[in-house]
Amino acid sequence: MIDRRAAAKGILGAGIAALSSRIIPILAQGAESSASPIVKTSCGSVRGWSRDGILGFLGIPYGAPTGGSARFMPPQPPPGWSGVRDTRVYGNTCPQIPLGLSPFARRAPGQAPPPPTELQKEIGTLFSRGKDEPKAGEDCLVLNVWTRAADAAKRPVMVWLHGGGFAVGSGSLPVYDGARLAARGDVVVVTLNHRLNVFGYLYLGEAAGGDFAESGNVGMLDIVAALKWVRDSISGFGGDPGNVTIFGESGGAGKVSVICAMPAAKGLFHKAIMQSGPCLKIADKARGAAIARQLLKDLNIDAGKISDLQNLDAGTLAAAAEAAELKVAPRVLGFGPGGMIPLVDGVVLPHHPFDSVASPESAHVPFLVGSTKDEAVMFAAPLPGFGQFTDAKVLEFLGPLAGARAPQALDLYKKLHPADSPSYLLVDAVTDFWMRQAANQVAELKARQARAPAYVYVLEWEISPTLRTPHGTDVSLVFDNIAASSGISAAAGAQAMSDQMSAAWIAFARTGNPDTPKIPHWPAYSLPARSNMLFNTGSRVVDDYGKEARRFWESA
């Protein structure tokens, strides 16, 4: 039986980090000062750089290497060091297999991609990569810090969790560079790498016993370890460990929502922002155990010899794990949980994040949650024939989401968007079902919990008539890094949009309220008003945005 709610939401967007084949390089901007700031952390002193009034520290270890016997095990503190460690270049990323432009359009192993369409080329302009790509390796528990000064100012701290589902990505993309956000808001920005895919989420508790009871969630435990590092060391970088906001987009939003349900993370953060992709439900032990059994069978490894799995080449393991996962949990028409994901194991995670109630572990934490108007352009555009879909093709894709109500869904979206072609009607429906309703449900449950506010937004400002407002548009705007995206920086009003959104995110990180003079008053989400901030060149508040679509999907 297909869980239609989990079907699309579980992907959590390969989004930003998956654009590995059609992206452009970007050079670091600004002149570096001869000054080399040094800060003492809980593990030792680090040397960073000073540039344009901002201090940067890259590749700081917050955990020990995770290879060999440490593979699949909870993170351990990094070995301390004497002297001063140079932290002026990014650290390793977790080994990973690129997902391509869309998890909805996966190719068979070894299958060459078709020539890109014009729209796919346009998508490729949204995110750029650095001139020097960080290496992949299991010594990947590292983080990066940007701050105005290493003083005692107690600035708000904003900890970014990168996109790419739970499968790919890193915290070192140019769009995640925290220098401009730190300068604009006088905040401390932190980005980080952690374990992904099989390295972070292979559940061996059933196959190998209690020593591996936490193995299905060690990638999330890595993030908790990073937050503990922030608690213990961020004051040396001018940050306030008592005012920490976690924020992320796509898979990063999914990670934020899972962190909100983790007892081990309680008290380590004080606000949470989920951009395009909170998890309502995650996996269960049955799914995780089945993938592990399949993997061990495929590799001909006995459950009593997990050390053989721990010592297997990382690339071989990642490829074998992806194949095993697809055998156990095939994706219907491309929809389905993308790769290995966190699971309710009763140890690290006692329950789903936002299934029927808001997580009690984060009841006191204010939320900011939202989506872009046309999220699914990013994922539908790589599908063969996009732009020329017929109604019949759209119904084929809507089947896993709406079941027998697929024809009703298509009729509804024809009514709501009469000017849209069938291809964009699919975008409209998948966006609402997947991202919009996830954001709505998180806010609904938070409002019913009545312990802390939730603020909801939709970014409706369009990049172009064809891209519209795709998944990931908000990232460079929030970071004030539109230069990292030629597709966004060339759009009319891009800097004005960045000014609005980055100011609102900074205000929320500072006070728990996103109000700023750059936008109209933003009321908290409440019932029955369901207020949404619609970000545009003329931003405005609308109650119960997309009401008919919300009611349709909620009635399933």
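It should be emphasised that the depicted structure is a prediction, and the values quoted were computed from it without experimental measurement. Counting restarts for each chain, with residues numbered from 1 along the sequence as it is written. The predicted nature of this model means local features are confined to residues of pLDDT at least 70 and side-chain atom pairs, given and counted, to a pLDDT of 80 or more, with totals for whole chains, interfaces and linings taken over all residues. With hydrogens and water set aside, each side-chain value is computed from the structure's full complement of heavy atoms.

Asks: Honestly, the overall build of the protein chain in this entry has me stumped. Any pointers?
Replies: Counting its secondary structure elements, the protein chain contains 18 helices and 18 strands. Each residue's exposure class comes from its accessible area (1.4 Å probe, protein chains only) as a fraction of the maximum for that residue type: buried when under 20%, exposed when over 50%, partly exposed otherwise. Across the 556 residues of the protein chain, 61% fall into the buried class. Intrachain contacts of the protein chain at a sequence separation of at least 6 include 78% that bridge at least 24 residues. For the purposes of this entry, the term helix denotes a DSSP run of H or I that reaches at least four residues, the term strand denotes a run of E that reaches at least two, and both are numbered from the N terminus. When checking whether two residues touch, look at their non-hydrogen atoms; a contact exists if any pair is within 4.5 Å.

Asks: Looking at this structure, how should I read the pairing of strand β11 (residues 239-249)?
Replies: In regular strands, side chains alternate between the two faces of the sheet. Among the 11 residues of β11, nine are classified as buried, and the element is accordingly described as predominantly covered. Here β11 pairs with strand β12 (residues 271-275) via five bridges, running parallel. Note on β12: the bridge partner recorded for Phe247 is Ile273. Taken together, β11, helix α7 (residues 251-259) and β12 form a β-α-β motif whose crossover is right-handed. Here, strands pair whenever DSSP counts at least two bridges between them. Orient the strands so they point away from the viewer, and a crossover whose first-strand-to-second-strand path over the helix runs clockwise is right-handed.

Asks: What exactly am I supposed to notice about the sheet that holds β11 here?
Replies: Sheet strands associate in pairs through backbone hydrogen bonding, adopting either a parallel or an antiparallel arrangement. The mixed open sheet is built from 11 strands, whose spatial order is β4-β5-β8-β10-β9-β11-β12-β15-β16-β17-β18. For this open sheet the edge positions go to β4 (49-51) and β18 (540-543), each flanked by a neighbour on one side alone. Taken over all neighbouring pairs, the strand axes of this sheet differ in orientation by 25° on average, direction set aside. Relative to strand β10 (residues 188-192), strand β9 (residues 155-161) runs parallel, the two being bridged by four bridges. Paired with Val157 across the bridge in β10 is Val188. This element, helix α6 (residues 218-233), spans β5 (54-61), β8 (142-147), β9, β10 and β11 of the sheet and lies at about 150° to β11. The axes used here are C-alpha line fits, helices contributing only the stretch in contact, and every angle between their N-to-C directions lies in the interval 0 to 180 degrees. Sheet contacts for α7: β9, β11 and β12; angle to β11, the most-contacted strand, approximately 130°.

Asks: In this structure, what is going on with the confidence of the model for the protein chain? I would like to understand it.
Replies: If pLDDT is low for a region, its predicted coordinates should not be looked at in detail. Considering every residue of the protein chain, the mean pLDDT works out to 90; 88% of them sit at 70 or more. pLDDT is a per-residue confidence score from the predictor, ranging from 0 to 100. Low pLDDT, under 50, characterises residues 1-29; the stretch is placed with 110 contacts to residues that sit more than four places away or in other chains. Confidence over residues 332-337 falls short of pLDDT 50; this stretch has 27 contacts with residues more than four positions distant or in other chains.

Asks: Honestly, the packing of helix α13 (residues 406-416) against helix α14 (residues 422-449) in this entry has me stumped. Any pointers?
Replies: For any two helices packed against each other, the geometry comes down to the angle between their axes and how far apart the axes lie. In contact at an axis separation of 10 Å, α13 and α14 are set at 105° when each is read in the N-to-C sense. One finds that α13 runs roughly perpendicular with respect to α14. Seen from α13, the contacting residues are Leu410, Tyr413 and Lys414; seen from α14, they are Leu425, Asp428, Ala429 and Asp432. Gly is put with the polar residues, along with every residue not named as nonpolar or charged; the nonpolar set is Ala, Val, Leu, Ile, Met, Phe, Trp, Tyr, Cys and Pro, and the charged set is Asp, Glu, Lys and Arg. For the contact of α13 with α14, the per-class residue count stands at four nonpolar, no polar and three charged. For classification, angles of less than 35 degrees are called roughly parallel, those exceeding 145 degrees roughly antiparallel, those between 65 and 115 degrees roughly perpendicular, and all remaining angles oblique.

Asks: Would you mind showing me how to read unusual backbone geometry here?
Replies: Across the chain, the bulk of peptide bonds are trans and the bulk of non-glycine residues have phi less than zero. Omega for the peptide link from Leu527 to Pro528 comes to 10°, which places this bond in the cis form. Positive phi outside glycine occurs at Ser276, with the angle close to 60°. By the element assignment, Ser276 lies in the loop between β12 and β13 (283-284). The exposure class assigned to Ser276 is buried, which follows from its relative accessible area of 0%.

Asks: Where do I start with the packing of α13 against helix α18 (residues 547-554) in this structure?
Replies: Orientation of α13 relative to α18, taken along the N-to-C sense of each, is 170°, at an axis distance of 11 Å. The pairing of α13 with α18 is recorded here as roughly antiparallel in orientation. Of the residues in α18, those in contact with Gln408, Ala409, Leu412, Tyr413, Lys415 and Leu416 of α13 are Glu548, Ala549, Phe552 and Trp553.

Asks: I would appreciate a short explanation of the packing of aromatic side chains in the present structure.
Replies: Given two aromatic rings, their pairing is described by the distance between the two centres and the angle made by the two planes. Two aromatic rings from Phe, Tyr or Trp, using only the six-membered ring of Trp, form a pair when their centres are within 6.5 Å; if the ring planes differ by under 30 degrees the pair is stacked, by over 60 it is edge-to-face, and anything between is tilted. Considering all chains together, one arrives at 21 aromatic pairs under this definition. Taking 4.7 Å as the distance between ring centres and 75° as the angle between the ring planes, the aromatic pair formed by Trp160 and Phe247 counts as edge-to-face. Residue Trp160 is located in strand β9, and its partner Phe247 is located in strand β11; the two are separated by 87 residues in the primary sequence. Judged by relative accessible area, Phe247 falls into the buried class, the value being 0%. A ring pair is formed by Tyr455 and Trp522, whose centres lie 6.1 Å apart and whose planes are at 80°; its orientation type is edge-to-face. One end of the pair, Tyr455, is in strand β16 (residues 454-459); the other, Trp522, is in the loop between α17 (494-511) and β17 (531-535), and 67 residues separate them in sequence. Comparing Tyr455 with Trp522, the two get one shared label, buried.

Asks: Help me out: how do you make sense of the sheet that holds strand β2 (residues 38-40) in this one?
Replies: If you trace the three strands from one edge of the open sheet to the other, you get β2-β3-β6, paired in mixed fashion. The two strands at the open ends of the sheet, each matched to only one other strand, are β2 and β6 (84-86). Within the sheet, the average angular offset between the axes of one strand and its neighbour, ignoring direction, is 30°. Relative to β6, strand β3 (residues 45-47) is paired through three bridges, and the arrangement is parallel.

Asks: Help me out: how do you make sense of the nonpolar core in this one?
Replies: For soluble globular proteins, the rule of thumb is that nonpolar side chains tend to be buried together. Residues enter a nonpolar core if they are buried and are Ala, Val, Leu, Ile, Met, Phe, Trp, Tyr or Cys, with the set joined through side-chain atoms within 4.5 Å. With 91 residues, the main nonpolar core has Val145, Val159, Ile259 and Met262 as its most contacted residues. For this core, the element with the most residues is α6, which contributes nine residues. Ignoring sequence-local partners within four residues, the contact set of Val159 consists of Val190, Leu192, Leu227, Val230, Val244, Thr245, Ile246 and Phe247. In terms of nonpolar packing, the next biggest core, distinct from the first, is built from 78 residues, Leu119, Ile273, Leu368 and Ala504 among them.

Asks: What is the right way to look at the environment of Gly315 in this model?
Replies: Inspection of the secondary structure assignment puts Gly315 in helix α10 (residues 314-328). Each C-alpha atom, one on Gly315 and one on Gln96, is 7.6 Å from the other, the two residues being 219 residues apart in sequence.

Asks: Hey, could you run me through the pattern of salt bridges in this one?
Replies: Where charged atoms of side chains with opposite charge meet at close range, the side chains can pair. Throughout this description, the term salt bridge denotes a Lys or Arg side-chain nitrogen within 4 Å of a carboxyl oxygen of Asp or Glu. Taken as a whole, this structure holds 26 salt bridges when the rule is applied. A salt bridge links Arg155 to Asp186; its shortest N-O distance comes to 2.6 Å. Pair noted here: Arg155 is in strand β9 and Asp186 is in the loop between α3 (179-185) and β10, with a separation of 31 residues, a long-range link. The exposure class assigned to Arg155 is buried, which follows from its relative accessible area of 7%. Between Glu206 and Arg293 there is a salt bridge, with the nearest N and O atoms lying 2.5 Å from each other. Of this pair, Glu206 sits in helix α5 (residues 205-208) while Arg293 sits in helix α8 (residues 285-299); the two residues are 87 residues apart in sequence, bridging distant segments of the chain. The class for Arg293 is partly exposed, based on a relative accessible area of 45%. Where salt bridges share partners, they join Arg148, Asp151, Arg155 and Asp186 into one cluster.

Asks: Would you mind going over the environment of Arg405 with me for this structure?
Replies: Tracing the backbone through its elements, the reader meets Arg405 in the loop between α12 (391-402) and α13. A relative accessible area of 19% places Arg405 in the buried class. Considered as a pair, Arg405 and Leu395 are 10 residues apart in the sequence and their alpha carbons are 9.7 Å apart.

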